[in-house]
Amino acid sequence: DQQVKQNSPSLSVQEGRISILNCDYTNSMFDYFLWYKKYPAEGPTFLISISSIKDKNEDGRFTVFLNKSAKHLSLHIVPSQPGDSAVYFCAASGHTDKLIFGTGTRLQVFP
Amino acid sequence: DAGITQSPRHKVTETGTPVTLRCHQTENHRYMYWYRQDPGHGLRLIHYSYGVKDTDKGEVSDGYSVSRSKTEDFLLTLESATSSQTSVYFCAISEGSVGTEAFFGQGTRLTVV
């Protein structure tokens, strides 16, 4: 039973435009959410996070939005760059020590 | 980069043989995790550890065991490898649990033939 879901397996965006990656979760006990980026043949690397007490967190070109009532979060990348092409995972943690990941979205940024 | 090393990086083994993957960290982080990455499934938690000799199951723990006798080492063992365990395995470490980021190793590609 997937507690963290990324329903779009892939996304293609033109360079300079906005990329929006979505993530849904089912466990209301999650209270911290993270986004990771993964290039081929490398381990995932941390990108940005948000606590459940906030609804927005921004870091440069990356902004994460959290809608607790909808159990939904999104990652916005503006402007998108070719180097952003990677697989993006959202992850959640809560009252347990487990860090649960979603299925990932492959982002391709084309010129 | 966080000091985390996985070994081996690649392994091919036969069905029914035991396999042990090692994760070694130099960061003295309390938490260590083993994940597997498969197409269509993303990253799934196998087992994790919250201290020496303290471990717990993740989402897909069947067929796997772990041990942590030292802070720096977290071993993942497949007692009798099956073809369904062909995957890329990632180890991760973190200082805390909730609210702290995890750092990942480079991964181990395991093929069971």
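Residues numbered from 1 in each chain as written. Chains lettered and ligands numbered in written order. Predicted model: local features only at pLDDT ≥ 70, side-chain atom pairs only at ≥ 80, totals over all residues. Heavy atoms only, no water.

What should I look at first to understand the overall build of chain A in this one?
Counting secondary structure elements, chain A contains zero helices and 11 strands. For chain A, the sequential pattern of α-helices and β-strands runs β-β-β-β-β-β-β-β-β-β-β. Against the globule reference of 13 Å for 111 residues, chain A gives a C-alpha radius of gyration of 13 Å, in line with a compact fold. For chain A, the spread of C-alpha atoms along the principal axes amounts to about 40 × 30 × 20 Å. When the 111 residues of chain A are sorted by exposure, 47% land in the buried category. Look at the contacts in chain A between residues 6 or more apart in sequence, and 53% of them connect residues 24 or more apart. As presented, chain A carries roughly 5,200 Å² of accessible surface, and 49% of it is formed by carbon and sulfur atoms. (Helix = DSSP H or I, 4+ residues; strand = E, 2+ residues; numbered from the N terminus. Rg over C-alpha atoms; globule rule 2.2 N^0.38 Å. Buried < 20%, exposed > 50% of the residue type's maximum accessible area, 1.4 Å probe, protein only. Contact = heavy atoms within 4.5 Å. Areas by Shrake-Rupley, 256 points an atom, 1.4 Å probe, with all protein chains shown as cover.)

Which parts of the structure should I look at to understand the sheet that holds strand 3 (residues 19-25) of chain B?
Strand pairing in a sheet relies on backbone hydrogen bonds. The paired strands run either parallel or antiparallel. All names here are of chain B. Spatial ordering of the open sheet is given by 1-3-8-7, a layout of four strands whose pairing is antiparallel. Each edge of the sheet is formed by a strand with only one pairing partner; in this case those strands are strand 1 (4-7) and strand 7 (64-70). When strand polarity is set aside, the average angle formed by the axes of neighbouring strands in this sheet is 20°. Inspection of the sheet shows strand 3 paired to strand 8 (residues 73-78) by six bridges, in the antiparallel sense. In the sheet register, Leu-21 faces strand 8, and the bridge partner there is Leu-76. (Pairing = 2+ DSSP bridges. Axes fitted to C-alpha atoms, helices over the stretch in contact; angles between N-to-C directions.)

Help me understand a nonpolar patch on the surface, please; the structure alone is not making it clear to me.
Residues and elements named next belong to chain A. The grouping of Ile-18, Ile-20 and Val-78 at the surface amounts to a nonpolar patch, some 230 Å² of accessible area in total. Assignment of secondary structure puts Val-78 in the loop between strand 8 (72-77) and strand 9 (86-93). Relative accessible area serves as the criterion here: at 42%, Val-78 is assigned to the partly exposed category. (Patch = residues over 30% accessible without salt bridge, like charges linked within 9 Å, V, L, I, M, F, W, Y side chains within 5 Å. Salt bridge = Lys/Arg side-chain N within 4 Å of Asp/Glu carboxyl O.)

What am I meant to see in the state of the cysteines here?
Note on terminology: disulfide describes a covalent bond linking the sulfur atoms of two cysteines. All names here are of chain B. Throughout the structure, instances matching the rule amount to two disulfides over all chains. Each sulfur in the disulfide pair Cys-23 and Cys-91 lies 1.9 Å from the other. Here the disulfide of Cys-23 and Cys-91 is left-handed, its torsion about the S-S bond being about -75°. Pair noted here: Cys-23 is in strand 3 and Cys-91 is in strand 9 (residues 87-94), with a separation of 68 residues, a long-range link. Like Cys-91, Cys-23 is buried. (Disulfide = S-S within 2.5 Å.)

Would you explain the interface of chain A and chain B in this entry?
Where interface size is given, it is often the accessible area lost as the parts come together that is meant. Counting residues at the interface gives 22 residues for chain A and 24 residues for chain B. Counting each side, the surface lost to burial between chain A and chain B is near 1,800 Å², with a carbon and sulfur contribution of 58%. Ranking the residues of chain A by area buried against chain B places A:Asp97, A:Lys98 and A:Phe101 at the top, with a combined share of 29%. Our count for the chain A to chain B interface comes out at zero salt bridges. At the level of secondary structure, the elements contributing two or more residues to the side of chain A that touches chain B comprise strand 4 (32-38), strand 9 and strand 10 (99-101) of chain A. Here the side of chain A that touches chain B gets four residues from one element, more than from any other, and that element is strand 4 of chain A. Classifying every residue of the side of chain A that touches chain B gives 10 nonpolar, seven polar and five charged. (Buried area = accessible area lost by both parts, 1.4 Å probe. Nonpolar A, V, L, I, M, F, W, Y, C, P; charged D, E, K, R; others polar.)

Honestly, the pattern of salt bridges in this entry has me stumped. Any pointers?
Side-chain pairing between opposite charges can occur once the charged atoms of the two side chains come close. This model, assessed by the stated rule, comprises five salt bridges over all chains. The partner of A:Arg61 in a salt bridge is A:Asp84, with the nearest N and O atoms 2.8 Å apart. Taken together, the residues A:Arg61 in the loop between strand 6 (56-59) and strand 7 (62-67) and A:Asp84 in the loop between strand 8 and strand 9 connect sequence positions 23 residues apart. The partner of B:Arg36 in a salt bridge is B:Asp38, with the nearest N and O atoms 2.7 Å apart. Residue B:Arg36 is classed as buried on the basis of its relative accessible area, which comes to 8%. Because the salt bridges share partners, they merge into one network encompassing B:Arg22, B:Lys70 and B:Asp73.

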